[in-house]
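In case you want the letters, here they are:
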Amino acid sequence: MQLNPFTLKQFKLSTFVITPVLTLVLMLALTLAFLPNAVNAKSIAITNATVYTVASQGILEQATVVMDEGKILAVYAAGDAPEQFDTDEILDAKGRILTPGFIASMNSLGLVEVGAVARTRDGSDEKADITFDASLAFNPKSTLIPYARKGGITNNIVAPESGEGLFAGQTFAVNLSGEFNSIIAKKNAVLIYLGSENKGSRAQKLQLLDNKFADAIKKSAKKNGQKKNKKDEEAPALKRKEQVINALLAGEKPLLAYADRATDLLALLALKKKYAIDLILVGASDAVLVADEIADANVPVILSSVDNLPSSFDSLHGSLTNMAILAKAGVKLMLMTKGDSHNINQLRFDAGIAVANGLSKTDAFLALTANVADVFKLNTGRIVAGKNADLVLWSADPFEISSKVDLMWINGKSVSTQSRQDALRNRYTKQTNMPRAYSN
Amino acid sequence: MYKTSIKLSLIITVMSLSLTACLPNEKQDAKVTINKNPYPSTYQALPQQNTLFTNATVLTGTGERLDNADVLIVDGKIKQVAKGIIATDTVIVDATGKWLTPGIIDVHSHLGVYPSPGVESHADGNEMTSPNTAEVWAEHSVWPQDPGFQAARAGGVTTLQILPGSANLFGGRGVTLRNIPSQTMQGMKFIDAPYGLKMACGENPKRVYGSRKQLPSTRMGNVAGYRSAWLAATEYKRAWDKYNSDYALGENPQAPKRDLELDTLMGVLAGEILIHNHCYKAEEMAVMIDLGKEFNYHSGTFHHGIEAYKIADELAQNGNCVAMWPDWWGFKMEAYDMVEENVAIVDAVKNSCAIVHSDSSTTIQRLNQEAAKVLYRANDNGFNLKVEQAITWITANAAKSLGINDKTGTLEVGKNADVVLWSANPFSVYAQAEQVFIDGAKVYDRFDEKYQAKSDFLLGQE
């Protein structure tokens with residue numbers, strides 16, 4: 001367990017009797033030694049919670065979750081918990097629901113502040129290609145992040161927007177702590193947008209993609225051949241773009257493909273089979289037409305639950321029941337919100353809408369947590385010992401509009417859901433005789 | 001000279017006397033009138049069924065909640081709302097455990113004018129060729145086969161106003177429709193609903209026209225544009241008023257030259273057409289209120305009103321309705337100061353008229369949930385709002401904004417029987433509209449395919 005405040009106080013007091021120089025050195029040492037921990041979390045035992053583990057333990061009533069050093073230390077079913085906890089804090093959940101923090105995906109969180117203000121947008125670039133790493137532009141101080149926390153979202157997959165080339169760039173994973181160290185993984189998937197084109201044919205991109213893989217395989221075969229002949233010579237370093245293609249071919253990172261029409265989805269499944277790439281479908285409006293094929297190929301799908309209108313000829317089969325149909329077919333689902341990044345806190349309501357239209361609650365929770373964590377290899381998304389302590393304590397059913405986040409933790413550290421919106425609301429609901437600008 | 005002038009004046013007197021005497025029959029040209037309803041509604045209610053809903057939780061739209069109550073609809077009207085109603089020759093719907101509300105009304109929709117699929121050939125919602133296109137009417141762009149109408153009906157929407165887009169200072173007329181399937185716009189048109197005129201403040205007009213190096217490129221340019229138009233409209237109306245009064249006096253005046261743009265603006269000045277003003281910011285809404293006073297018209301309903309909470313008192317004092325999203329924000333600078341309690345803060349003022357609108361083919365399907373977000377977020381933060389108040393934001397207040405509150409928007413006796421039967425409390429994420437009635441006719445049933453209309457567009461698509 002961590003140093004408790006009392007010990008720290010004692011230690012500080014004792015420095016008074018030491019020489020000033022030593023004090024300074026000690027203070028510095030103290031700062032260096034304990035600052036990361038001070039920023040980090042207290043150890044906490046949450047007792048009497050209804051724990052949605054999203055793991056083999058299912059839902060545990062009157063359960064206890066212990067977190068320390070930013071990780072989940074133990075999960076105890078009712079009656080299994082020790083009588084006393086040696087933690088900094090014990091929190092009685094009073095039966096409330098504790099879930100893993102939700103994981104949003106495929107948005108520009110931290111890359112955009114105001115949609116129509118070009119100089120606050122960093123999600124796309126004319127020159128962006130397969131190597132584009134937008135994480136360099138990620139702003140953890142964006143006002144969108146505390147607002148998103150209101151939706152119980154603790155982690156997010158940030159995606160670049162559609163580029164002009166074949167690939168839009170690469171995604172990255174962040175937590176929503178708002179800290180400068182909130183990027184978890186950079187360049188964790190390659191993004192491509194396929195389907196109908198304003199100019200030209202959809203076939204062109206599919207063909208290019210196939211050729212990229214074929215050429216890379218050919219090149220590496222040739223290079224291997226050369227190596228055998230000229231053992232002394234170093235092979236020329238691969239171009240950066242080629243390295244990414246090879247990473248896809250080696251299954252080191254997945255290809256995230258936006259596509260809607262069934263023919264595009266099938267073409268992607270064929271590429272997966274041909275090159276053994278790790279494929280994730282995004283959008284996939286027509287997925288219900290080829291649900292069995294997608295399930296058989298073990299390809300996960302990221303989709304919105306509310307995309308039920310035929311917005312284009314690529315998406316004539318949208319329905320509020322699609323998630324339920326895909327889940328029944330055995331497709332691994334991840335839920336994303338429709339629209340821009342400012343309202344991703346809607347994720348939980350979108351899950352509720354999917355449940356109202358036939359998706360099981362179990363599958364809905366998976367689509368918000370464990371499935372995303374598994375696909376993007378994040379150590380979160382379940383309430384299991386060893387996972388990051390990304391947890392949300394809810395006032396009631398997390399999918400209901402009437403519920404709210406009571407408490408939440410990211411890496412074991414308590415985080416607030418207060419946002420700029422709350423500050424504005426407080427200012428304008430106060431009684432005052434002075435202009436509002438004087439109120440905080 | 002002297003004699004002559006007496007003679008002349010005599011002649012003139014005689015002439016004018018004779019003119020007055022025989023004008024109505026002989027010397028007056030036919031009166032020129034403006035046909036104010038050239039595309040009249042052909043709407044007819046679908047087959048009506050007298051229905052008694054029993055034992056429901058009823059939100060009347062008047063701010064009341066009645067538990068275990070019955071609602072009787074007869075001949076397309078609300079006949080009775082009470083406990084233990086006994087009626088014969090009616091279909092009886094056991095609504096035990098279910099909720100009943102007035103039909104949902106969306107004051108801000110682009111269904112039909114920006115339909116699905118969103119192909120270029122369908123982008124008919126905004127005539128972005130001049131900052132003042134008061135002459136265009138959204139009804140002339142409505143594609144009744146937009147599948148969005150069916151989806152909205154499944155969400156309980158019985159009435160909706162279709163507005164032009166917001167690129168122009170004056171975007172044109174909006175039209176209020178009944179949400180029934182029809183081959184024609186006229187077949188959906190709400191009988192006797194007043195027209196709306198779409199105006200737009202702020203970023204959109206100045207961006208669209210400023211980028212073309214023409215007025216407006218600034219917010220002050222926007223206001224100059226409105227004022228010039230209202231000046232012209234004032235002159236136009238004066239000319240028509242003079243023509244009409246001179247004609248009534250028996251003279252034979254020359255009718256003013258018709259101008260479609262000014263016809264619409266004159267309709268506003270005459271109080272016949274209601275203003276629907278896309279306007280986000282507090283300071284701009286305050287200017288638009290004064291603009292209305294300057295030219296003697298009412299500034300109507302503010303749409304989007306992201307910052308309405310900053311001037312809630314002024315808006316209520318001036319009798320403005322404000323139609324708002326629960327939580328959209330940040331897509332542009334003028335939408336940056338969103339608060340989730342906006343609707344609740346506006347609603348809390350006496351004589352206010354707070355509305356939740358969609359402006360979206362997605363959220364129009366769940367306006368009940370959009371209202372729920374306001375209700376619960378406000379209650380999380382010190383408000384004490386009840387479901388019976390929250391329902392007024394998507395029913396009665398919306399009807400008031402559209403000038404149809406004498407016909408729909410509440411479950412008061414005598415009103416049109418526009419009714420939604422919900423599977424549960426409509427402010428729950430799990431609630432579904434099970435049956436929807438317009439003028440006493442069932443237009444949607446979640447469990448009966450006979451009452452699930454499908455657009456021509458989706459027919460035969462595999």
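Everything numeric in this text was worked out from a predicted model, so none of it was measured. (Residues numbered from 1 in each chain as written. Chains lettered and ligands numbered in written order. Predicted model: local features only at pLDDT ≥ 70, side-chain atom pairs only at ≥ 80, totals over all residues.)

1. Some words on the overall build of chain B
(1) Moving on: In terms of regular secondary structure, chain B is built from 11 helices and 16 strands.
(2) Moving on: A compact globule built from 462 residues would reach a C-alpha radius of gyration of about 23 Å, and chain B, at 25 Å, matches this within 12%.
(3) Moving on: With the principal axes as the frame, chain B shows a C-alpha extent of 100 × 55 × 50 Å.
(4) Moving on: Of all 462 residues assigned to chain B, the portion counted as buried reaches 53%.
(5) Moving on: Within chain B, contacts between residues at least 6 apart in sequence are counted, and of these 69% link residues at least 24 apart. (Helix = DSSP H or I, 4+ residues; strand = E, 2+ residues; numbered from the N terminus. Rg over C-alpha atoms; globule rule 2.2 N^0.38 Å. Buried ≥ 20, exposed ≤ 12 C-beta atoms within 10 Å, placed from the backbone. Contact = placed C-beta atoms within 7 Å.)

2. Quick word on the interface of chain B and chain A
(1) Moving on: With 37 residues of chain B at the contact, the number on the chain A side is 32 residues.
(2) Moving on: Elements represented by at least two residues in the side of chain B that touches chain A include exactly helix H2 (147-154) and helix H9 (367-380) of chain B.
(3) Moving on: Top element by residues in the side of chain B that touches chain A is H9(B). It accounts for five residues.
(4) Moving on: Here the side of chain B that touches chain A is built from residues that sort into 18 nonpolar, 11 polar and eight charged. (Nonpolar A, V, L, I, M, F, W, Y, C, P; charged D, E, K, R; others polar.)

3. Concerning the sheet that holds strand E9 (residues 183-193) of chain A
All names here are of chain A.
(1) Moving on: Taking strand neighbours across the sheet as the criterion, the eight strands line up as E6-E7-E8-E9-E10-E11-E12-E13 in an open arrangement whose pairing is mixed. Edge positions in the sheet fall to strand E6 (102-107) and strand E13 (333-335), since each of these pairs with one other strand and no more. Neighbour-to-neighbour, the strand axes of this sheet turn through a mean angle of 25°, independent of strand direction.
(2) Moving on: With five bridges joining them, strand E10 (residues 255-259) and strand E11 (residues 279-283) adopt parallel strand pairing. Bridging from a neighbouring strand, Leu-255 pairs with Leu-279 of E11.
(3) Moving on: Helix H10 (residues 361-368) rests against E6 and E13 of the sheet, and its axis sits at about 70° to E13. (Pairing = 2+ DSSP bridges. Axes fitted to C-alpha atoms, helices over the stretch in contact; angles between N-to-C directions.)

4. Quick word on the packing of helix H9 (residues 347-356) of chain A against H10(A)
Residues and elements named next belong to chain A.
(1) Moving on: With their axes 9 Å apart at the nearest point, H9 and H10 run at an angle of 150° to one another. By the angle between their axes, H9 is roughly antiparallel relative to H10. Judged by the sense of rotation from one axis to the other, the crossing of H9 with H10 is right-handed. Taken together, the residues of H10 that come into contact with H9 (itself represented by Leu-347, Ala-351, Ala-354 and Val-355) are Lys-361, Ala-364, Ala-367 and Leu-368. (Parallel < 35°, antiparallel > 145°, perpendicular 65-115°, else oblique. Left-handed = near helix turned anticlockwise from the far one by under 90°.)

5. Looking at the pairing of E9(A)
Residue and element names in this part refer to chain A.
(1) Moving on: As paired elements, strand E8 (residues 167-175) and E9 share six bridges and run antiparallel to each other. The residue bridging Ala-173 from the neighbouring strand is Ala-185, located in E9.
(2) Moving on: Relative to E10, E9 runs parallel, the two sharing four bridges. Note that in E10 the partner of Leu-191 across the bridge is Leu-256.

6. Some points on the sheet that holds strand E11 (residues 301-304) of chain B
All names here are of chain B.
(1) Moving on: The strand order E6-E7-E8-E9-E10-E11-E12-E13 describes an open sheet built from eight strands, whose pairing is mixed. Pairing within the sheet leaves two strands with one partner each, and these edge strands are strand E6 (104-109) and strand E13 (354-356). Between one strand axis and the next, the sheet turns by 25° as a mean value, whatever way the strands run.
(2) Moving on: The pairing of E11 with strand E12 (residues 321-324) spans four bridges and is classified as parallel. From the neighbouring strand, Thr-301 faces E12, where its bridge partner is Cys-321.
(3) Moving on: Sheet contacts for H9: E6, strand E7 (157-162) and E13; angle to E13, the most-contacted strand, approximately 130°.

7. Focus: the confidence of the model for chain A
All names here are of chain A.
(1) Moving on: Across chain A, the average pLDDT comes to 90, with 88% of residues at or above 70.
(2) Moving on: Within chain A, strand E14 (residues 391-394) carries the highest mean pLDDT (99), whereas helix H1 (residues 5-14) carries the lowest (34).
(3) Moving on: This model gives residues 1-39 a pLDDT under 50, and the stretch forms 15 contacts once residues within four places in sequence are excluded. (pLDDT = per-residue confidence, 0-100.)

8. Considerations on the domain arrangement of chain A
All names here are of chain A.
(1) Moving on: What the domain assignment lists for chain A is domain 1 (5-39), domain 2 (40-101 + 380-440) and domain 3 (107-376).
(2) Moving on: Its C-alpha centre places domain 2 at a distance of 29 Å from the equivalent point of domain 3.
(3) Moving on: Elements with a minimum of two residues in the side of domain 2 that touches domain 3: strand E5 (97-100), strand E15 (405-410), strand E16 (413-415) and helix H12 (420-429).
(4) Moving on: At three residues, the largest contribution of residues to the side of domain 2 that touches domain 3 is made by E15. (Domains from an automatic or database assignment.)

9. Points about H10(A)
The α-helix advances 3.6 residues per turn, and as a result positions three or four apart in sequence lie on the same side.
(1) Moving on: Taking burial as the measure, the eight residues of H10(A) include six buried ones, the bulk of the element.
(2) Moving on: Looking only at H10(A), the buried set comprises Asp363(A), Ala364(A), Phe365(A), Leu366(A), Ala367(A) and Leu368(A).

10. A look at the nonpolar core
(1) Moving on: Of all hydrophobic cores here, the largest spans 251 residues; its most connected members are Val65(A), Leu281(A), Val301(A), Val71(B) and Ile355(B).
(2) Moving on: Split by domain, this core shows at least three residues from each of two domains, domain 2 (40-101 + 380-440) and domain 3 (107-376) of chain A.
(3) Moving on: Ignoring any residue separated from it by four or fewer positions in sequence, one finds Val71(B) in contact with Phe53(B), Ala56(B), Val58(B), Val81(B), Leu100(B), Leu411(B) and Val419(B). (Core = buried A, V, L, I, M, F, W, Y, C linked by C-beta atoms within 7 Å.)

11. A few points about the pairing of E7(B)
Residue and element names in this part refer to chain B.
(1) Moving on: Among the six residues of E7, six are classified as buried, and the element is accordingly described as predominantly covered.
(2) Moving on: With four bridges joining them, E6 and E7 adopt parallel strand pairing. The partner of Ile-105 across the bridge, within E7, is Thr-159.
(3) Moving on: Between the parallel pair E6 and E7, the chain is carried across by H2, and the sense of this crossover is right-handed.
(4) Moving on: The sheet contact formed by E7 and strand E8 (residues 170-178) spans four bridges and is antiparallel. Bridging across to E8, Thr-159 finds its partner in Arg-178. (Right-handed = clockwise from strand over helix to strand, strands pointing away.)

12. Brief notes about unusual backbone geometry
Excluding glycine, residues mostly have negative phi values, and the peptide bonds linking residues are mostly trans.
Residue and element names in this part refer to chain B.
(1) Moving on: Looking along the chain, the bond that leaves Ser-116 and enters Pro-117 is cis, with omega of -5°.
(2) Moving on: Tracing the backbone through its elements, the reader meets Pro-117 in the loop between E6 and H2.
(3) Moving on: At the junction of Leu-215 and Pro-216, the peptide bond is cis and its omega measures out at 0° in the coordinates.
(4) Moving on: Mapping Pro-216 onto the fold places it in the loop between helix H3 (203-210) and helix H4 (219-248).
(5) Moving on: Even without being a glycine, Asn-351 presents a positive backbone phi close to 65°.
(6) Moving on: Locating Asn-351 in the fold gives a position in the loop between helix H8 (342-347) and E13.

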